[in-house]
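Observations on the model geometry
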Amino acid sequence: MTTLVPRPPYNHDELKALYPAGLELQLVQILLRHGERTPVTPRFQNTGLHPFWPYCAAVKQWKSAVLDRTADRFTTLEWKRRLESFGPDDEPVTAVGPRGELDGICEMGMLTDRGRETTFDLGLRLRKLYVDQLAFLPPSLERRNADALYLRATPIPRALESLQEAFTGLYPPHTRAPNLPPITIVQRSHADETLFPNDRDCRRFAVLARAFAQRTADRWNHTDDMAYLNKLWGKWMPPAAPRVAVDGSPRLSGIQDTVNATLAHGPETRLPNEFYDPKARAITEKIAVDEWFSGFSESQEYRMLGIGGLMGDVVGRMVGSAEHGEHDAGRNRVDDSKEGTPIRFGLSGCHDTTLAAVLASLGAYEDKRWPPFTSHIAIEMFRKSNATSGTAPQITAPSDATAPKSRTGWFAFLFSSPAAPGTPPPGIGRKATEDMQPDEKAKLQGYYVRMRYNDAPVTLPGCRAPGRHLEGDESFCTLEAFKSIVDKFVPANWKQQCRTNIKGPAFPEKPEPAGH
C-alpha cells in the first residue's frame, strides 16, 4: 500500500465504545511511520522516470545553529540546498527535476512535501482525539506540562522530520506558551537503535533476516505469480539481471518501493502503466511481506532481536506507570531541575518495518498488508476507575500558588517520586512476569492495554482467553497478559545476544507462533 486514507474522527457513539465508562486513560504511546518519501534508491530510469524529484520545498529554507565567535553565542544561518551529481566524464553538474527545476530537489529516501502534509495531518487527528474529544492532553503546551511528552525518532532524517510535523499538528505554534523552552527529541546512535529492526548493527539478526529472505526467494522465484510479474516488468529489468525475482537486482521489494513512492506523488514522476497493475501489486505485496515480516510471526529469536528491545521499553513504561503512578512511565526535564515530569504521551517517528514488526510479533498482523505511509500504532494503557462517563479523566492543573515548588510540572505534582537522571527507573518494569512475586503481580491488577492500528482496535490472540481481557471486549488486554506476551521476546542483553550464535540455525526447531 502507499498513501493512507484516514478514517473520519470518531463520533460520539464510537468514542463511548472505544473509551468505556469505568476505565481511565493513563498513558499513550504512538509509533508512527514517516510520511511519503522518494525511493531510497534510483531505479528504472530506463522507463523515463527522473532520478531527481522536485517535491522537497523544505530544502529551500533550512536553518542551522552556528557559533558566532565574535558575539560568543549561537546564531541562526538560513540557507538553501542544491544537489550536485555526476555529468558526462564525471564532470559535476547541478541536479535538476523533470522540468529543469533547480531548487526543492529531493535526495533519495527524503520526506517530501506530501509526506510533511500527511504527518502534520496525523498530528491534527491526534489533537482532535486526545485534546478535543478526550481531554487527555492539555490544549496548550506550557513550561509546567511540556515534559509530559516523550518524543523520539530514529537517526533517519525522514523519521525525525515526520515526528516534527506530527508534533506541530498536535501542538501548533499558537498553542505553545511564549516562554516554552525548545522541545526535547530523544535519539540514539545507529548502533544503539531499537526503534526499527536493526540488521546493520545486530549481526545475528542480519543472519536471520538473510535466511528468511532466501527462503522467500526459494519459495516464490519460480512460481506462476513471479512469471506474471516478469511478463509485465521483465522488459524494464537491467541486462545484467533480466529477471524479476525476490533476490533480483533490483530486489522485488525494491520494485515495490519505487511503485509505492511514485503512486504517492505527481504525474511527472510515474512509471509506465504496467507497474500499477492491481494483480501485480497484490503479488508483490504478498511476497514482500513474506520476505520482511514472516520471521516475526514464526521465530521468537527473530522477534527478540528485531523488535524486542522496543517492546520491552514500551511495556516497561506502562508497568512503571502502574507500579508507582504515572511518574515511572519515564521522566523528562524541561530545565536543569533535579526532578522531571512524568511521561503521559509518547510519540516516536519510525518506519514501516517497525509497525509491521510490532503487529506480527504480537500475533496481530492478520491482514498482512504493507503499512502505508503515515500509518501509526497507538498503545494505550487504562486503569479501572469509578468514572461514569466514557471519556478519560479530567485532570486539572493546580494553581501556581498551590503547586509544590520542588516539582517542574503539575503531572509531577500528582505522581511524584525521585528518579536519578541517567539511570533506569526503579521497579519491576523489566522484570519478567514469571519471576514476579505475588505482591509485585498485584501492582498490575486493574490495568488494561489496548492497541489501535490506523484507528482500528487490534485484538491479540493471547488475550482472548477468559481472565486475560476486559470482560466484554477482547481488545482490552489485562496489563499482566500483555506483559507476559511481550516478556517472551524481550532481550536480556540485546548487544550481547546480537553477537552470539552467529552460525547457529536460523529457523526454530518447532513452531513458535507469535502473540501468546
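Everything discussed here concerns the structure shown above.
What comes next is a walk through the structure. (Residues numbered from 1 in each chain as written. Predicted model: local features only at pLDDT ≥ 70, side-chain atom pairs only at ≥ 80, totals over all residues. Heavy atoms only, no water.)

What about the state of the cysteines?
Filter applied, for reference: The disulfide criterion used throughout: a pair of cysteine sulfur atoms within 2.5 Å. Put simply, DSSP marks the helices as runs of H or I at least four residues long and the strands as runs of E at least two long, and each gets a number from the N terminus on. Throughout this description, buried means an accessible area under 20% of the type-specific maximum (1.4 Å probe, protein chains only), exposed means over 50%, and partly exposed covers the range between.
A complete count under the given rule lists three disulfides for this structure. Residue Cys 56 pairs covalently with Cys 106 via a disulfide, S to S 2.0 Å. Taking the sign of the S-S torsion, about 105 degrees here, the bridge from Cys 56 to Cys 106 comes out right-handed. A residue pair is termed long-range when its members are at least 10 positions apart, and Cys 56 in the loop between strand S1 (23–33) and strand S2 (62–68) and Cys 106 in the loop between strand S5 (92–94) and helix H2 (113–133) qualify at 50 residues. The same class applies to Cys 56 and to Cys 106, which are both buried.

Some thoughts on empty space enclosed by the protein
This is how it is decided: Using a grid of 1 Å spacing that covers the protein atoms alone, one calls a set of points a cavity when a 1.4 Å probe fits there but cannot get out, and a pocket when the set is open and has protein on both sides within 12 Å along at least five of seven lines; lining residues are those with an atom within 4 Å of a point. Grid points are joined across faces, edges and corners, and a volume is the space filled by probe spheres set on the points. Put simply, Ala, Val, Leu, Ile, Met, Phe, Trp, Tyr, Cys and Pro go in the nonpolar bin, Asp, Glu, Lys and Arg in the charged bin, and everything else, Gly too, in the polar bin.
In the structure shown here, the tally under the stated rule is six cavities of 30 Å³ or more. Of the voids in this model, the largest cavity is the one considered here, and its volume is about 140 Å³. Along the walls of the largest cavity sit 13 residues, with Pro 9, Tyr 10, Arg 125, Leu 129 and Asp 455 positioned nearest its centre. With six residues, the top contributor of residues to the lining of the largest cavity is H2. Tallied by class, residues from the lining of the largest cavity come to six nonpolar, two polar and five charged.

A short note on the environment of Thr 269
Inclusion rule: Two residues form a contact once any of their heavy atoms are found within 4.5 Å.
Tracing the backbone through its elements, the reader meets Thr 269 in the loop between helix H6 (252–263) and helix H7 (278–298). Exposure remark for Thr 269: the relative accessible area of 0% places this residue in the buried category. For Thr 269 and Leu 49, which are 220 residues apart along the polypeptide, the C-alpha to C-alpha distance reads 5.9 Å. Dropping the residues within four chain positions of it, Thr 269 is found in contact with Leu 49, Trp 53, Tyr 55, Pro 98 and Thr 262.

Some points on the nonpolar core
How we decide: By convention a nonpolar core is built from buried Ala, Val, Leu, Ile, Met, Phe, Trp, Tyr and Cys residues, the set being connected through side-chain atoms within 4.5 Å.
Formed by 61 residues in total, the largest nonpolar core has its most connected members in Met 318, Val 358, Leu 362, Met 451, Leu 460, Leu 479 and Phe 482. The dominant element in this core, judged by the number of residues it contributes, is helix H8 (residues 300–324), at eleven residues. Leaving out residues up to four positions away in the same chain, Leu 460 has contacts with Leu 362, Ala 364, Met 451, Cys 477, Phe 482 and Ile 485. Membership of the second largest hydrophobic core comes to 35 residues, among which are Leu 122, Phe 136, Leu 141 and Phe 345.

Structural notes on the side chain of Arg 204
Here is the rule we go by: Within 3.5 Å is the distance limit for a polar contact, defined as a pair of N or O atoms, with the added protein rule that one can donate a hydrogen and the other accept it, and that residues adjacent in sequence qualify only through two side-chain atoms.
Inspection of the secondary structure puts Arg 204 in helix H4 (residues 203–220). At 3.1 Å, the side chain of Arg 204 forms a polar contact with the backbone oxygen of Gly 504.

Remarks on unusual backbone geometry
At the junction of Ser 249 and Pro 250, the peptide bond is cis and its omega measures out at 5 degrees in the coordinates. Looking at the element boundaries, Pro 250 is found in the loop between helix H5 (224–233) and H6. Although it is not a glycine, Asp 89 adopts a positive phi angle of roughly 60 degrees. Assessed through its relative accessible area of 75%, Asp 89 is described here as exposed. Positive phi is not limited to glycine here, since Asn 501 has a value of about 55 degrees. Counting through the fold element by element, Asn 501 comes out in the segment after helix H13 (494–499).

Comments concerning the layout of surface pockets
The method is simple in principle: a probe with the dimensions of a water molecule rolls over the atoms, and the space it marks as empty is what remains. One number sums up the size of the largest pocket: a volume of about 980 Å³. Considering the residues around the largest pocket, the lining is formed by 36 residues, among which Arg 158, Asp 199, Trp 292, Asp 352 and Thr 353 are closest to the centre. Listing elements by their share of the lining of the largest pocket, those giving two or more residues are H4, H6, H7 and helix H9 (352–361). For the lining of the largest pocket, the per-class residue count stands at 16 nonpolar, nine polar and eleven charged.

Regarding the environment of Val 289
The residue Val 289 is located in helix H7 in this model. Taking the C-alpha atoms as reference points, Val 289 and Ser 253, separated by 36 residues in sequence, lie 8.8 Å from one another. With residues near it in sequence (within four places) discarded, Val 289 still touches Ser 294, Tyr 365, Lys 368, Arg 369 and Trp 370.

Notes on the pairing of strand S15 (residues 473–478)
Formally: Note on pairing: two strands pair once DSSP finds at least 2 bridges between them.
Summarising the sheet, strand S12 (residues 447–453) and S15 pair through two bridges and their orientation is antiparallel. Note on S15: the bridge partner recorded for Tyr 448 is Thr 478. Two elements, strand S14 (residues 469–470) and S15, share two bridges in a ladder whose sense is antiparallel. Along S15, the bridge assignment pairs His 469 with Cys 477. Count of turn residues in the S14/S15 antiparallel hairpin: two residues, of which Gly 472 carries a positive phi of about 95 degrees.

A closer look at the side chain of Asn 454
In this structure, Asn 454 sits in the loop between S12 and strand S13 (456–458). Since its relative accessible area comes to 17%, Asn 454 is described here as buried. A distance of 3.2 Å separates the side chain of Asn 454 from the side chain of Ser 375, its partner in a polar contact. Apart from residues no more than four positions distant in its own chain, Asn 454 is found in contact with Leu 4, Pro 372, Thr 374, Ser 375 and His 376.

In short, shape yes, function no, at least from these values alone.
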